[in-house]
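Chain and residue survey
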Amino acid sequence: MLEVKELYCGYEDIEIVKDVNFKINKGENLCIVGPNGCGKSTLLKAISNLIDYKGKIYIENIEISSLSRKELSRKVGLMSQNSE
């Protein structure tokens with residue numbers, strides 16, 4: 001289960017993602033669609049705890065900020081389109 005509550009995140013004090021809320025139960029799928037620059041990758045980076053965020057992100061009812069990098073990597077994998 002993944003639950004996102006009142007999520008705000010972005011870069012250099014500019015909020016890209018604002019007040020996002022959703023819950024996905026085991027066995028459900030979610031498709032994130034939108035134009036370039038709308039925050040899709042930023043949202044995924046926050047869920048992966050790669051960028052700072054405000055709000056709550058729970059995986060299996062555990063706030064991701066309380067998980068070590070190793071524990072989180074057992075639950076979340078992210079592969080971006082471009083390698084930097």
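As a reminder, the structure under discussion sits directly above these lines.
No experiment lies behind these values; they were computed from the predicted model shown.

**Some thoughts on the sheet that holds strand β3 (residues 53-59)**
Sheet architecture is open: 4 strands sit in the order β2-β1-β3-β4, paired in antiparallel fashion. The open sheet has two edge strands with one neighbour each: β2 (14-24) and β4 (62-63). Of the pairings in the sheet, the one linking β3 to β4 comprises 2 bridges and is antiparallel in character. Following the sheet pairing, Tyr-58 is matched in β4 by Glu-63. Across the sheet, helix α1 (residues 40-47) lies against β1 (2-11), β2 and β3, angled at about 115° from β1, the strand it touches most.

**Some details on α1**
Owing to its 3.6 residues per turn, the α-helix brings residues three or four apart onto one side. Buried within α1 we find Thr-42, Leu-43, Ala-46 and Ile-47. Taken down its axis, α1 places every buried residue within 140° of arc, on the same side. Considering only its buried residues, α1 is in contact with β1, β2 and β3. Following α1 by one or two positions, Asn-49 adopts a phi angle in the positive range, close to 60°.

Quick notes on the rules
Residues numbered from 1 in each chain as written. Predicted model: local features only at pLDDT ≥ 70, side-chain atom pairs only at ≥ 80, totals over all residues. Heavy atoms only, no water. Pairing = 2+ DSSP bridges. Helix = DSSP H or I, 4+ residues; strand = E, 2+ residues; numbered from the N terminus. Contact = heavy atoms within 4.5 Å. Axes fitted to C-alpha atoms, helices over the stretch in contact; angles between N-to-C directions. Buried < 20%, exposed > 50% of the residue type's maximum accessible area, 1.4 Å probe, protein only. Arc of directions from axis to C-beta.

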